[in-house]
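Listed below, chain by chain, are the residues.
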Amino acid sequence: MNLIACHECDLVNRIPPLPRRAAARCVRCGGVLLRAKPDSVDRTIALTLAGIVLFLVACSFPFLSMENAGIVQETALFTGIYNLYKQKMVPLATLVLITCVLVPLAQMLGLLYVMIPLKRNRPARHTARVFRIYLHLKPWGLMEVYLIGILVALVKLGKMATIVPGLSVIAFGLLVFVLAGAYTALDPHLVWERLGGKS
Ligand SMILES: [Zn+2]
């Protein structure tokens, strides 16, 4: 049994475990409090695993190749961050490294740590703590911003040189959507419920 405050009228409602595809509504104003997400655990795990594969591809294949006057220059995902360091923009390089590489990786690993044992109904020892960290990390994953930055740079550089997007940039773009999908599939109420309300 969960307690949820209504977003519309602030009334605190008691919510029993929801059946598949059901939604809980506020008893006073009828506002939707909670919607059951079918196969939430399986879909979250599948999308996160896909995310890990895409992450590995994004880290190991060429990001972009640039051709100008017969000279081809190939860059990798980490080249941009390394170049920022070299140009003495250390805080910016650190920020990009944290928000675009470390946070997404930590989120995916944390989510797998929480969800895989949960699927077998035997939560891992630090599930509650790891899940809370995952939820706090969410606003710090800024891969979308990085992706937009890349697209803008592509359009601008496209006038000066021939730009060929590498496998890495495609994987990186897909990763943004896959991670958003994993977050949408995730049902935090279900996680806390399976943990026996140890929130
Ligand atoms: Zn209400």
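Residues numbered from 1 in each chain as written. Predicted model: local features only at pLDDT ≥ 70, side-chain atom pairs only at ≥ 80, totals over all residues. Heavy atoms only, no water.

Asker: When you look at the overall build of the protein chain in this model, what are you seeing that I'm missing?
Answerer: The secondary structure content of the protein chain amounts to seven helices and seven strands. Put simply, the protein chain runs from its N terminus to its C terminus through helices and strands in the order β-β-β-β-α-β-β-α-α-α-α-β-α-α. At 21 Å, the protein chain has a C-alpha radius of gyration far larger than the 16 Å of a compact globule built from 199 residues. If one aligns the C-alpha atoms of the protein chain with their principal axes, the spans along those axes are about 70 × 35 × 30 Å. Residues counted as buried form 37% of the 199 residues belonging to the protein chain. Within the protein chain, contacts between residues separated by at least 24 positions form 59% of all contacts whose residues are at least 6 apart in sequence. Roughly 12,000 Å² of accessible area belongs to the protein chain as shown, and the carbon and sulfur atoms make up 64% of that amount. (Helix = DSSP H or I, 4+ residues; strand = E, 2+ residues; numbered from the N terminus. Rg over C-alpha atoms; globule rule 2.2 N^0.38 Å. Buried < 20%, exposed > 50% of the residue type's maximum accessible area, 1.4 Å probe, protein only. Contact = heavy atoms within 4.5 Å. Areas by Shrake-Rupley, 256 points an atom, 1.4 Å probe, with all protein chains shown as cover.)

Asker: Looking at this structure, how should I read unusual backbone geometry?
Answerer: Leave glycine aside and you will find that most residues have negative phi; peptide bonds, for their part, are mostly trans. In this structure, D10 takes a positive phi of about 70° despite not being glycine. With respect to the helices and strands, the residue D10 is situated in the loop between β1 (2-5) and β2 (12-15). One non-glycine residue, N121, lies in positive phi territory at about 60°. By the secondary structure assignment, N121 is in the loop between α3 (90-119) and α4 (127-137). N121 sits in the exposed class, given a relative accessible area of 53%.

Asker: So what exactly am I meant to see when it comes to the environment of F131 here?
Answerer: Residue placement: F131 occurs in helix α4. Setting aside anything within four residues of it in sequence, one finds F131 in contact with V114, L186, P188, V191 and W192.

Asker: Just checking my understanding: could you explain the coordination of the zinc ion for this structure?
Answerer: Ideal values differ by geometry: the angle at a metal is 109.5 degrees with four tetrahedral donors, but 90 or 180 degrees with six octahedral donors. Surrounding the zinc ion are the protein donor atoms C6 (SG), C9 (SG), C26 (SG) and C29 (SG), which sit 2.2 to 2.4 Å from the metal. Geometry at the zinc ion is tetrahedral, judged from its four donor atoms and the angles of 100 to 115° they form at the metal. Mapping the donors of the zinc ion onto the primary sequence yields the spacing C-x2-C-x16-C-x2-C. Highlighted residues: C9 in the loop between β1 and β2 and C26 in the loop between β3 (23-25) and β4 (32-35), separated in sequence by 17 residues. (Donors = N, O, S within 2.8 Å, 3.2 Å for Na, K, Ca; no water. Tetrahedral: all angles 85-135°; square planar, octahedral: opposite > 155°, others 65-115°.)

Asker: Mind showing me how you'd approach the domain arrangement of the protein chain here?
Answerer: You'll often see interface size given as the accessible area lost when the parts meet. Here the protein chain is partitioned into domain 1 (1-36) and domain 2 (39-194). Its C-alpha centre places domain 1 at a distance of 33 Å from the equivalent point of domain 2. (Domains from an automatic or database assignment.)

Asker: Can you walk me through the pairing of β4 in this structure?
Answerer: Sheet topology places β3 next to β4; three bridges connect them, and they run antiparallel. Across the sheet, the residue bridging to A23 is R35, located in β4. Count of turn residues in the β3/β4 antiparallel hairpin: six residues, of which G30 carries a positive phi of about 80°. (Pairing = 2+ DSSP bridges.)

Asker: Sorry, what's going on with the sheet that holds strand β6 (residues 71-75) here?
Answerer: Strand order in this open sheet of three strands is β6-β5-β7, and the pairing throughout is antiparallel. Each having just a single partner strand, β6 and β7 (162-165) make up the two edges of the open sheet. Each strand of the sheet is rotated relative to its neighbour by a mean of 20°, with strand direction disregarded. Summarising the sheet, strand β5 (residues 64-68) and β7 pair through four bridges and their orientation is antiparallel. Across the sheet, S65 pairs through a bridge with V164, a residue of β7. (Axes fitted to C-alpha atoms, helices over the stretch in contact; angles between N-to-C directions.)

Asker: Would you mind showing me how to read the nonpolar core here?
Answerer: Ranked by internal contacts, the top residues of the largest apolar core, which has 41 residues, are M115, F172 and V191. With 10 residues, the top contributor of residues to this core is α3. Setting aside residues up to four positions removed in sequence, V191 forms contacts with V114, M115, L118, F131 and L186. Core analysis: the next-biggest nonpolar cluster, separate from the first, contains seven residues, C6, I15, A24 and C26 among them. (Core = buried A, V, L, I, M, F, W, Y, C linked by side-chain atoms within 4.5 Å.)

Asker: What exactly am I supposed to notice about the packing of aromatic side chains here?
Answerer: Given two aromatic rings, one states the distance between the centres and the angle between the planes to describe the pair. Inspection of the entire model under this criterion finds four aromatic pairs. Centroid distance F131 to W192: 5.2 Å. Interplanar angle 70°. Geometry classified as edge-to-face. Of this pair, F131 sits in helix α4 while W192 sits in helix α7 (residues 188-194), placing them 61 residues apart in sequence. Judged by its relative accessible area of 0%, F131 is buried. Between Y134 and Y183, the ring centres sit 6.4 Å apart and the planes meet at 40°, which makes this aromatic pair tilted. Of the two residues, Y134 sits in helix α4 while Y183 sits in helix α6 (residues 167-185), which places them 49 residues apart along the sequence. (Phe/Tyr/Trp six-rings, centres within 6.5 Å; stacked < 30°, edge-to-face > 60°.)

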